[in-house]
Each structure stands twice: as C-alpha cells, then as structure tokens.
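Examining the three-dimensional arrangement
Here is how the chains run, residue by residue.
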Amino acid sequence: KQEVTQIPAALSVPEGENLVLNCSFTDSAIYNLQWFRQDPGKGLTSLLLIQSSQREQTSGRLNASLDKSSGRSTLYIAASQPGDSATYLCAVRDYTGANSKLTFGKGITLSVRP
Amino acid sequence: DAGVTQSPTHLIKTRGQQVTLRCSPKSGHDTVSWYQQALGQGPQFIFQYYEEEERQRGNFPDRFSGHQFPNYSSELNVNALLLGDSALYLCASSSPGDGNTEAFFGQGTRLTVV
C-alpha cells in the first residue's frame, strides 16, 4: 500500500527566502507525481506534474524534482512571497496506469512572513 | 475555458439524511474522480468514473455511490449520513486516454453533518 509523507507539517519563513518542501513515498513503482497548492477551505490547484521517466519540471519560480529510486520528490520555491502562503500537497499516481488513483500526503502548510 | 466546477459550495445536513453533490469536468476531460478531505488531512480517493461506469473504488462503504452522465458530469451520493462524513468533497477530472493524466480539481463542496 502506497504511503506518502510530507514533513514538516508546517513551515514559516521570511519573505525572499528560497525554500524546499519534501515529499516521500513508500512504493517507487509510480506512474507520475503531482504537486498541488491548496488555499484555506478551497480546492486544489495543480502546480507541477512529473512523469516517472522525468527528473524535474519547472514553472516560473517553482521547480520540482523526482528521485523514484529513493522514493522522494522536492518542490523548490525561489524568492518566496507572502502570496505563496498556502498548503502544498504532493500526490503519486500508482504504477497501474494513467487512470489510477492519486495517493496524497497530508500537506505542508507554508507561511511566508512579510 | 471553464475548469472543474462543483455544486453546491456548502451544505449542511442532518445525521441520517441523504446528500447529492455534483461535478462538471474540465472541457475535454472524460474521467471523473471523487475525493474526501477531512480537516488537516490529505484527500482520500472515493471512486472514479469513466464511460458512465465506476472503474475504481477506494475504501469507502456502500453508502457512497455515484453516477456519470453522457456529458461526463458526475454525481456523488451519500446515504444515511454520519457525523464523520463531514468533510470537503473534491472532484477531479482528467483524460488519461488522451494522454492528459494531469488531474484538475474543483473548488470542493464543504459538507457539514449535524
């Protein structure tokens, strides 16, 4: 059974800091991995999708990496801003295919202080 | 391009009642998945619909049922509501058959059972 862990549960940083959010998963046989952002009480916004054959993806100030063999992914946020404050969740889609379910971590709640 | 839309946004029901939640997928997507997110937790997979049939199911009781219509929209029904069913219910759409495995989520329906 796939388990996804995100540690720490919460993080507070000053504005402008570069930061790394970690995600680990127990079964390395994954189809892809997706990072999401969730604002309080809202739905999920897709940030980046990494296929199992890829090592990283970039979008603006965000960069996500994937090390399938070690069961780890990181989300790098450059020059953090107060508007980046939200909960960040990672989710893995298991190896059975493109239509398999997503397994989520509990998320990391990020607070960026002005 | 309208994204994933869910209705209603908020709902209050009494224990024992039945509820129906609705979801319209992103344009061009044919697969709809439902997730339950309890406070402080990551979303948990309920089930997935494709071609009007339930294709996969998570560890949820039969009180949770669903439907997909020819236009790909979907409903989630919960019977005999329990206090523990209070959560944010999220709908996600994708189109894996077309290679679009990125999941897009709606804003969610907040269900409160009293």
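Scroll up a little and you will see the structure.
1. Here we look at the sheet that holds strand β3 (residues 19–25) of chain A
Residue and element names in this part refer to chain A. Spatially, β1-β3-β8-β7-β6 is the arrangement adopted by the 5 strands of the open sheet, whose pairing is antiparallel. Whereas interior strands pair on both sides, the edge strands pair on one side only; in this sheet they are β1 (4–5) and β6 (56–59). Pairing geometry for β3 and strand β8 (residues 72–77), over 6 bridges, is antiparallel. Residue pairing for β8: leucine 21 is matched across the bridge by leucine 75.

2. Points about the nonpolar core
Soluble globular proteins tend to pack their nonpolar side chains together in the buried interior. Grouped together as the largest cluster of nonpolar side chains are 24 residues, with contacts concentrated most on Leu21, Leu33, Trp35, Leu75, Ile77 and Tyr88 of chain A. Where this core is concerned, the elements lending two or more residues are β3, β4 (30–38), β5 (44–51), β7 (62–67), β8, β9 (86–94) and β11 (108–113) of chain A. Core analysis: the second largest hydrophobic core is formed by 20 residues, Phe47, Phe64, Leu81 and Leu111 of chain B among them.

3. Some details on the interface of chain A and chain B
Each partner contributes residues to the interface: chain A has 22 residues there, and chain B has 19 residues. A combined buried area of about 1,600 Å² lies between chain A and chain B, and 53% of that area is made up of carbon and sulfur atoms. Summed over the shared surface of chain A and chain B, the result is 7 residue pairs in polar contact (both at pLDDT 80 or more). Only β4, β5, β9 and β10 (102–104) of chain A provide two or more residues apiece to the side of chain A that touches chain B. Of the residues that constitute the side of chain A that touches chain B, the class distribution is 8 nonpolar, 10 polar and 4 charged.

4. Regarding the packing of aromatic side chains
This structure, assessed with the given rule, holds 8 aromatic pairs over all chains. Pairing phenylalanine 36 of chain A with phenylalanine 105 of chain B gives two aromatic rings, centres 5.3 Å apart and planes at 85 degrees, and the pair type is edge-to-face. With phenylalanine 36 of chain A in strand β4 and phenylalanine 105 of chain B in strand β10 (residues 100–105), this pair bridges two chains. With a relative accessible area of 9%, phenylalanine 105 of chain B lands in the buried category. A ring pair is formed by phenylalanine 47 of chain B and tyrosine 49 of chain B, whose centres lie 5.3 Å apart and whose planes are at 85 degrees; its orientation type is edge-to-face. According to the relative accessible area criterion, tyrosine 49 of chain B is buried, its value standing at 5%. An aromatic cluster is defined as three or more aromatic residues linked by ring pairs; in this entry it consists of Phe36 and Phe104 of chain A together with Tyr35, Phe45 and Phe105 of chain B. Over the face of the ring belonging to phenylalanine 104 of chain B we find lysine 26 of chain B, whose NZ or CZ atom lies 5.0 Å from the ring centre.

So, how was this worked out
Residues numbered from 1 in each chain as written. Chains lettered and ligands numbered in written order. Predicted model: local features only at pLDDT ≥ 70, side-chain atom pairs only at ≥ 80, totals over all residues. Heavy atoms only, no water. Pairing = 2+ DSSP bridges. Helix = DSSP H or I, 4+ residues; strand = E, 2+ residues; numbered from the N terminus. Core = buried A, V, L, I, M, F, W, Y, C linked by side-chain atoms within 4.5 Å. Buried < 20%, exposed > 50% of the residue type's maximum accessible area, 1.4 Å probe, protein only. Contact = heavy atoms within 4.5 Å. Buried area = accessible area lost by both parts, 1.4 Å probe. Polar contact = N/O pair within 3.5 Å; in protein donor to acceptor, adjacent residues only side chain to side chain. Nonpolar A, V, L, I, M, F, W, Y, C, P; charged D, E, K, R; others polar. Phe/Tyr/Trp six-rings, centres within 6.5 Å; stacked < 30°, edge-to-face > 60°. Lys NZ or Arg CZ within 6 Å of the ring centre and 35° of its normal.

Nothing here speaks to function; it is geometry throughout.
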